[in-house]
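In case you want the letters, here they are:
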Amino acid sequence: ARGEKDKAKTLASIGMARETININVMGVLNTITPAMELMANKRHGQIAVMSSAASFIGGFPTFSSYPGSKAALRNLVDGLRPVLALRGVRLNLVCPGFIETEMIAGMKGLPMVMGVGECVEKI
């Protein structure tokens with residue numbers, strides 16, 4: 001019975017990882033691709049991609065796909081930036097710190113943790 005529970009948990013984790021990557025990486029790519037094409041044709045524009053400070057930290061034991069997906073965005077932007085620059089398009093990456101949400105509840109030692117209220121004030 002335990003083996004079946006572990007297998008189910010692993011499959012659920014893989015499903016969550018797939019969903020996270022589809023949203024955080026493919027969603028961004030699907031969104032910025034038409035904008036990149038339009039801006040490159042006009043030889044002018046700027047795109048900002050939202051990543052996370054988590055992209056520098058590595059896997060969270062309870063949600064390992066999140067930092068991996070954000071690191072993928074960092075690498076994607078680093079690769080596309082010089083190509084788009086030749087076409088007059090600026091590509092920027094934003095990596096905010098951690099905001100106290102359910103996702104990070106109970107995680108100790110995270111850098112740059114900010115409460116929601118404090119974050120709203122700064123924006």
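Our subject in this report is the structure included herewith. Since the structure is predicted, the reported quantities are computational estimates derived from the model, not experimental observations. (Residues numbered from 1 in each chain as written. Predicted model: local features only at pLDDT ≥ 70, side-chain atom pairs only at ≥ 80, totals over all residues. Heavy atoms only, no water.)

### Looking at the overall build of the protein
Line of reasoning, step 1. Counting its regular elements, the protein contains three helices and four strands.
Line of reasoning, step 2. The order of α-helices and β-strands along the protein, N terminus first, is α-β-α-β-β-β-α.
Line of reasoning, step 3. Within the protein, buried positions represent 28% of all 123 residues.
Line of reasoning, step 4. Of the contacts formed within the protein by residues at least 6 apart in sequence, a portion of 56% connects residues at least 24 apart.
Line of reasoning, step 5. With the model as given, the accessible surface of the protein reaches about 8,200 Å², and the carbon-plus-sulfur share is 60%. (Helix = DSSP H or I, 4+ residues; strand = E, 2+ residues; numbered from the N terminus. Buried < 20%, exposed > 50% of the residue type's maximum accessible area, 1.4 Å probe, protein only. Contact = heavy atoms within 4.5 Å. Areas by Shrake-Rupley, 256 points an atom, 1.4 Å probe, with all protein chains shown as cover.)

### Observations regarding the pairing of strand β1 (residues 45-50)
Line of reasoning, step 1. Here β1 shows one buried face, formed by Gly-45, Ile-47 and Val-49, and one open face, formed by Gln-46, Ala-48 and Met-50.
Line of reasoning, step 2. Two elements, β1 and strand β2 (residues 89-94), share six bridges in a ladder whose sense is parallel. Residue pairing for β2: Ile-47 is matched across the bridge by Leu-91. (Pairing = 2+ DSSP bridges.)

### Section: the pattern of salt bridges
Line of reasoning, step 1. Tallied over the full model, the rule gives one salt bridge.
Line of reasoning, step 2. The partner of Asp-78 in a salt bridge is Arg-81, with the nearest N and O atoms 3.2 Å apart. Highlighted residues: Asp-78 and Arg-81, both in helix α2 (residues 65-85), separated by three residues, approximately one helical turn.
Line of reasoning, step 3. With relative accessibility at 31%, the residue Arg-81 sits in the partly exposed group. (Salt bridge = Lys/Arg side-chain N within 4 Å of Asp/Glu carboxyl O.)

### Looking at the packing of aromatic side chains
Line of reasoning, step 1. Scanning all chains against the criterion turns up zero aromatic pairs.
Line of reasoning, step 2. One cation-aromatic arrangement involves Arg-74 over Phe-56; the distance from NZ or CZ to the ring centre is 4.2 Å. (Phe/Tyr/Trp six-rings, centres within 6.5 Å; stacked < 30°, edge-to-face > 60°. Lys NZ or Arg CZ within 6 Å of the ring centre and 35° of its normal.)

### As for the side chain of Ser-52
Line of reasoning, step 1. Checked against the element boundaries, Ser-52 lands in the loop between β1 and α2.
Line of reasoning, step 2. Among the polar contacts made by the side chain of Ser-52, one reaches the main-chain amide nitrogen of Ala-54 at a distance of 3.0 Å.
Line of reasoning, step 3. Those residues in contact with Ser-52 that lie beyond four places of it in its chain are Tyr-66, Lys-70, Val-94, Cys-95 and Pro-96. (Polar contact = N/O pair within 3.5 Å; in protein donor to acceptor, adjacent residues only side chain to side chain.)

### With respect to unusual backbone geometry
What you tend to see is this: most non-glycine residues have negative phi, and most peptide bonds are trans.
Line of reasoning, step 1. Even without being a glycine, Arg-43 presents a positive backbone phi close to 60°.
Line of reasoning, step 2. Looking at where Arg-43 falls in the secondary structure, it is placed in the loop between α1 (2-42) and β1.

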